[in-house]
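# Examination of the molecular architecture
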Amino acid sequence: MRIKLAIVATGALLLAACGARGAAPNEVTEKEKEQTAVHITVPSSYVKEDGLVDEWDNSLYTGVEVEEGQTIYYMTEEQQKDLIEDSQNNLAAMLEQVEKSTKYEAVTSIEQSNDFHAIRVNVDKKSYIKSDKEVLFQTIGLPLIHYQLLNGQDADSFVIECEVYDASADEMIEVVNLPMDLSNGVLK
């Protein structure tokens, strides 16, 4: 019985170690770099202090290098496909959580279109005007930006258009373009 338990524990440790393979930055070998067809570069301004994209499942990429000014993810085309699918599901869930959150009480609903290239944020206008818009757009913006980078977009060339509408009047309040309107960390 103890032998079986030891074998199961060892197997679990091995699986955990394999699953965390992509988590340790700067441990990707030159051979792994050469064997991966996809290299995703994320500017440091779009990651936290550790240089990693929190939303990306570390078992779905081969390795990662955190450099000054950027983080480079190495993955196969199949891993990229799986990571895109995982990110789509996470984005949909995140947008739904923001809709339901009391922290963002001005938001009544969020609709996405064009594979997250544009979103419509329906709000209560009075609450929205008083709300902390920067926090809202940083919360939804960074995962949207990460998703576009994962899909091969160049960090300097894509725009995610966020149209903000008064839900009761179906009237546009403003348009926030990501990442440009958050480029200095403050909503313009």
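Residues numbered from 1 in each chain as written. Predicted model: local features only at pLDDT ≥ 70, side-chain atom pairs only at ≥ 80, totals over all residues. Heavy atoms only, no water.

Now for helix H3 (residues 77-100). Each full turn of the α-helix corresponds to 3.6 residues, which orients residues three or four apart in the same direction. With 24 residues, H3 ought to run about 34 Å at 1.5 Å a step, and its terminal C-alpha atoms sit 35 Å apart, in line with that. At its buried positions, H3 is contacted by strand S1 (38-43), strand S3 (70-75), strand S4 (107-113) and helix H5 (133-150). (Helix = DSSP H or I, 4+ residues; strand = E, 2+ residues; numbered from the N terminus. Expected span 1.5 Å × (residues − 1). Contact = heavy atoms within 4.5 Å.)

Per-chain confidence: the protein averages 85 in pLDDT, with 84% of residues scoring 70 or above. In the model, residues 1-23 has pLDDT below 50 throughout and makes twelve contacts with residues more than four positions away in sequence or in other chains. (pLDDT = per-residue confidence, 0-100.)

S3 sits mainly inside the fold: five of its six residues count as buried. Sheet analysis places S1 next to S3, joined by six bridges and oriented antiparallel. The residue of S3 that forms the bridge with valine 42 is threonine 71. As paired strands, strand S2 (residues 63-67) and S3 are joined by five bridges and run antiparallel to one another. Opposite glutamate 65, over in S3, you have isoleucine 72 as the bridge partner. Hairpin connection from S2 to S3: two residues lie between these consecutive antiparallel strands, with glycine 69 at a positive phi of about 95 degrees. (Buried < 20%, exposed > 50% of the residue type's maximum accessible area, 1.4 Å probe, protein only. Pairing = 2+ DSSP bridges.)

This part covers the nonpolar core. Among the nonpolar cores identified, the biggest contains 43 residues, and Ile40, Val42, Trp56 and Tyr73 are the most heavily contacted of them. Secondary-structure elements contributing two or more residues to this core are S1, S3, H3, S4, strand S5 (118-123), H5, strand S6 (160-166) and strand S7 (171-178). No other element matches H5, which puts eight residues into this core. Residues contacting isoleucine 40, with those up to four places away along its chain left out, are Trp56, Thr71, Ile72, Tyr73, Met75, Gln80, Leu149 and Leu150. (Core = buried A, V, L, I, M, F, W, Y, C linked by side-chain atoms within 4.5 Å.)

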